[in-house]
Amino acid sequence: MNPKKNYPEEVYLNGKWLKHDQAFVSVFDRGFMFGDGIYEVTPFYNGIPFKLKEHLERLQYCLKEVQIEFDVAPLEKLMLEAVSRAGLSKSDAAVYIQISRGTAPRTHFYPENPTPTILLYSFPVNLENFKNRQWKVLVSKDKRWQRCDIKTTALMANIMANEEAVSLEFEENLLVRKGYFTEASHSSAFFVKYKTIYTHPEGPHILSGVTRKQIILLCQNLGIKVKEKAVHLDELVEVDEIFLTGTTTQVVKVASVHSREKELFRAKKNHITTLLQNEFIKLTRP
Ligand SMILES: Cc1ncc(COP(=O)(O)O)c(C=O)c1O
């Protein structure tokens, strides 16, 4: 199945495995009405989950932040089952999980005791060849809200940014808030300057990327200096390398960065990115 073209055959919805065209939620589901839900994507390398605990912990954190009462512990078993049912136990795949607040008459405040809607499925994903990619990236205004640490399904600002990028034949965006790079539309951003790696600090303006954390740990083990400090647009002239990280993105080199009018950055080197890519492969395919 090509995830870009097809739906997964089977999905888990609220306790049942169903053919995707037999799986329905109410029009009054708050996920549908408000984007009132949380999601998570976990990679599986050759059928083996990578950082599953970290993904489930982030999911639990986000649910808690928006007061959706749901214990993620039973999901691990379902995730493994999803991969196996999709026939992906020996290949590369990802599991998508979405938990909305549930169905209730429409109110802006949280309804009392709603039953969350749980959707979970596995899909094949190409986790090879990321080393060969060189992305051309568009700088866009970060129009997202002030809680980007919450992995909400309400992704309108990310979608608008990425649509602009893709329609102009860029692969990703670098989002800028008040002159500083925060992250990308669906990945985390790292900048190499004078052999030190800079990445925006955790907090309300970025998603706490699971891959981001692994890269920071790798750098610490390799003795590469990391500063969790935002990079300003004006500092681009001093930057040698930029790379983006994410669950399906993994570690991708940025070849160039552009505004709508002109090129702002062209990669001068790729040494540190290449080193981290090689180390990341060792981690994910031991
Ligand atoms: C906005 C944003 N930042 C960063 C990431 C990367 O996070 P992770 O490494 O946990 O996939 C994602 C992934 O979806 C994202 O949507």
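In this text the structure is predicted, and so the values were computed from the model without any measurement.

The rules behind these values
- Residues numbered from 1 in each chain as written.
- Predicted model: local features only at pLDDT ≥ 70, side-chain atom pairs only at ≥ 80, totals over all residues.
- Helix = DSSP H or I, 4+ residues; strand = E, 2+ residues; numbered from the N terminus.
- Contact = placed C-beta atoms within 7 Å.
- Axes fitted to C-alpha atoms, helices over the stretch in contact; angles between N-to-C directions.
- Parallel < 35°, antiparallel > 145°, perpendicular 65-115°, else oblique.
- Nonpolar A, V, L, I, M, F, W, Y, C, P; charged D, E, K, R; others polar.
- Near = placed C-beta within 6 Å.
- Core = buried A, V, L, I, M, F, W, Y, C linked by C-beta atoms within 7 Å.
- Buried ≥ 20, exposed ≤ 12 C-beta atoms within 10 Å, placed from the backbone.
- Domains from an automatic or database assignment.
- Pairing = 2+ DSSP bridges.
- Right-handed = clockwise from strand over helix to strand, strands pointing away.
- Expected span 1.5 Å × (residues − 1).

Right, let's talk about the environment of Phe-191 for a bit. Looking at where Phe-191 falls in the secondary structure, it is placed in strand 10 (residues 188–193). Expressed as a C-alpha distance, the spacing of Phe-191 and Lys-227, which sit 36 residues apart in the sequence, is 9.9 Å. Not counting the four nearest positions on each side in its chain, Phe-191 is found in contact with Tyr-198, Val-231, Val-239 and Ile-242.

Another point: the packing of helix 5 (residues 210–222) against helix 6 (residues 271–284). At a minimum axis distance of 11 Å, the contact between helix 5 and helix 6 shows a crossing angle of 110 degrees. Here helix 5 is positioned roughly perpendicular relative to helix 6, judged by the angle of their axes. Taking contact as the criterion, the partners of Gln-214, Ile-215, Leu-218 and Leu-222 in helix 5 are, on helix 6, Leu-276, Glu-279, Phe-280 and Leu-283. In the contact of helix 5 with helix 6, the residues fall into six nonpolar, one polar and one charged.

The next thing to look at is the site of the ligand. Around the ligand, the structure places Glu-183, His-186, Ser-187, Ser-188, Leu-207, Gly-209, Val-210, Thr-211, Arg-212, Thr-245, Gly-246 and Thr-247. Elements represented by at least two residues in the shell around the ligand include exactly helix 5 and strand 13 (241–246). Per element, the largest residue contribution to the shell around the ligand is three residues, and it comes from helix 5. Tallied by class, residues from the shell around the ligand come to two nonpolar, eight polar and two charged.

This paragraph deals with the nonpolar core. In this structure, Leu-174, Ala-189, Phe-191 and Ile-242 are the most contacted members of the largest nonpolar core, which totals 31 residues. Every residue in contact with Leu-174, bar those within four places of it in the chain, is listed here: Val-137, Val-139, Phe-181, Ala-184, Ala-189 and Val-257. Counting 24 residues, the second largest nonpolar core, distinct from the first, contains Tyr-12, Val-72, Ala-94 and Val-95.

For the rest of this paragraph, the subject is the domain arrangement of the chain. Domain boundaries assigned for the chain yield domain 1 (10–124) and domain 2 (130–284). Spacing between the C-alpha centres of domain 1 and domain 2 amounts to 26 Å. For the side of domain 1 that touches domain 2, the secondary structure elements donating two or more residues are strand 3 (37–45), helix 2 (52–65) and strand 5 (93–100). Sorting elements by how many residues they give to the side of domain 1 that touches domain 2 places strand 3 first, with eight residues. Looking at the side of domain 1 that touches domain 2 residue by residue, the classes come out as nine nonpolar, six polar and five charged.

Moving on: the sheet that holds strand 4 (residues 48–49). Taken together, the six strands give an open sheet; going across it, the order is 2-1-6-5-3-4, and neighbouring strands pair in antiparallel fashion. For this open sheet the edge positions go to strand 2 (16–19) and strand 4, each flanked by a neighbour on one side alone. Where strand 3 and strand 5 come together, eight bridges link them in antiparallel fashion. Within strand 5, the position partnered with Pro-43 by the bridge is Ala-94. Strands in contact with helix 2 are strand 3, strand 4 and strand 5; relative to strand 3, the strand with the most contacts, it is inclined by about 180 degrees. Relative to the sheet, helix 3 (residues 75–85) contacts strand 1 (10–13), strand 2, strand 3, strand 4, strand 5 and strand 6 (117–124), its axis offset from that of strand 6 by approximately 40 degrees.

Take the pairing of strand 7 (residues 134–141) next. Sheet analysis places strand 7 next to strand 14 (residues 250–258), joined by five bridges and oriented parallel. Along strand 14, the bridge assignment pairs Gln-134 with Lys-253. By the bridge criterion, five bridges tie strand 7 to strand 8 (residues 172–177) in an arrangement that is parallel. Paired with Ser-140 across the strands is Leu-175, a residue of strand 8. With helix 4 (residues 156–167) bridging strand 7 and the parallel strand 8, this β-α-β connection has right-handed handedness.

In this section: the pairing of strand 14. Note: strand 13 against strand 14, four bridges, orientation antiparallel. Its bridge partner being in strand 14, Leu-244 is matched across the sheet by Val-252. Turn length for the strand 13-strand 14 hairpin, with the two strands adjacent in sequence and antiparallel, is three residues. Pairing of strand 14 with strand 15 (residues 263–266), which is carried by three bridges, proceeds in the antiparallel orientation. For His-258, the partnering residue across the bridge sits in strand 15 and is Glu-263. Adjacent in sequence and paired antiparallel, strand 14 and strand 15 are bridged by four residues.

Attention shifts here to helix 5. Because an α-helix completes one turn every 3.6 residues, residues spaced three or four positions apart along the sequence face the same direction. A rise of 1.5 Å per residue sets the reference length of helix 5, with its 13 residues, at 18 Å; its end C-alpha atoms lie 19 Å apart and thus fit the reference within 8%. Residues of helix 5 that are buried include every one of Val-210, Thr-211, Arg-212, Gln-214, Ile-215 and Cys-219, and no others. With its phi angle positive at about 75 degrees, Gly-223 sits one or two positions after the end of helix 5.

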